[in-house]
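Residue-level structure breakdown
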Amino acid sequence: MHFVAQAPQQGAQGASELDEFAVVFYERAIGADEFDPLRIAEELGAPPRYAEHAVGVLRELRLVKPAESRADRLVAVSPEAAQMELLVPLEREILDSRHRLAGFKGQLSAFAAAFERQSRTRAEPVVITGDQDEIELRLLEAAQSCTTEVLVMQPCVARETRELRLARPLVLEALRRGAHGRILYPHTARGDSGTRAHLGELLPAGGQVRTTKEVSDRFLVFDRKTAFIPSGEDGEIAVVYESTVAAFLAGLHARIWESAVDFDSGAAGYAGTMEELKATLLSLLASGAKDEVIARRVGMSERTLRRHVATIMQDLSASSRFQAGVLAARTGLVDLALRSAA
């Protein structure tokens, strides 16, 4: 191989040419008791700077070393010998580092366990607060550390409370990170445009959504470790750091989930749940519950409830709510609702 006697080119092409020359240079040097780099470069028709570069590469790879007879001369070394000198110490260093890493991990795990025990001891199991900034921070902490499961039971978006509004994007982000999500809404959510728009984000992110005839109350549970539940009438929230309570709420959620109806974003309106909703309203009317209580349990506004009650009274030809309840009991509609709730 003959190399044109010119200065090395700049860039990748020049570097490739120099590396190619270093291989040819090494091949010429193999077998010689000692060699003169400049003489080999001259034989190959390459400028001296090529020889300097080749020697630099071969020295770095431990493929040449000074000859025993003359220190100013070089001798080629086999790749196996170079590997013993160059790679074995590096491999030993890597192995030592791994042993040290494993040792540090073992030591730190003991301290981590002690820290966790102390954290559990000193942390308050229940924090009741109405401070919106604190609620937001605690929601953020619980949602960001959530890795396995999010459980939600809530009213329609139009009637959701502030903490549920704050939780919406956090729950969505947890789902996108891979956490499983089960969200329960009342049947009335199917007719609420704001809720349907939100569900249009939850479903593609992997969330499962069902609707039920009644929403007993609102709550969120993250990883069955932390729960957010209402406390009092002043907008206060109880943040419960107690796995027993979180597990209880998860069980309640699971029981309601079994009888709930899957939400299909492609289905219009109430999608076959209206009759069950009416039966529930009749059952609650017959029990004598007030409008405020009924509206909260089925997840609709009192104004919407009154509109539904008026329609039911008209269908039953009832002149009063009481009469509507009596007629519903006589026709078996209330029994139907009670059997559905069982």
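Here, every reference points to the structure presented above.
Nothing here was measured: the structure is a model prediction, and the numbers come from that model. (Residues numbered from 1 in each chain as written. Predicted model: local features only at pLDDT ≥ 70, side-chain atom pairs only at ≥ 80, totals over all residues. Heavy atoms only, no water.)

**Some points on the sheet that holds strand 8 (residues 226–231)**
Spatially, eight strands are ordered 3-9-8-7-4-5-6-10 in an open sheet, and the strand pairing comes out mixed. Each edge of the sheet is formed by a strand with only one pairing partner; in this case those strands are strand 3 (126–129) and strand 10 (261–262). Sheet topology note: the strand 5 (residues 180–186)/strand 6 (residues 208–212) ladder contains five bridges and is parallel. Note that in strand 6 the partner of Leu-184 across the bridge is Arg-210. (Pairing = 2+ DSSP bridges. Helix = DSSP H or I, 4+ residues; strand = E, 2+ residues; numbered from the N terminus.)

**Concerning the pairing of strand 8**
Moving residue by residue along a regular strand, the side chains alternate between the two faces of the sheet. Two strands pair when backbone bridges link them, and strand 7 (residues 219–222) and strand 8 are joined in this way by three bridges, in the antiparallel orientation. What sits directly across from Phe-222, in strand 8, is Thr-226. The turn joining strand 7 and strand 8, which pair antiparallel and follow one another in sequence, is formed by three residues; a positive phi near 55° is taken by Asp-223. In this structure, strand 8 lies alongside strand 9 (residues 236–240), joined through five bridges in antiparallel fashion. Bridge assignment links Ala-227 to a residue of strand 9, and that residue is Val-240.

**Digging into the environment of Ser-320**
Of note, Ser-320 is situated in the loop between helix 11 (302–316) and helix 12 (321–331). You can call Ser-320 partly exposed: its relative accessible area is 29%. A sequence separation of ten residues divides Ser-320 from Ala-310, and the C-alpha atoms of the two residues are 9.2 Å apart. (Buried < 20%, exposed > 50% of the residue type's maximum accessible area, 1.4 Å probe, protein only.)

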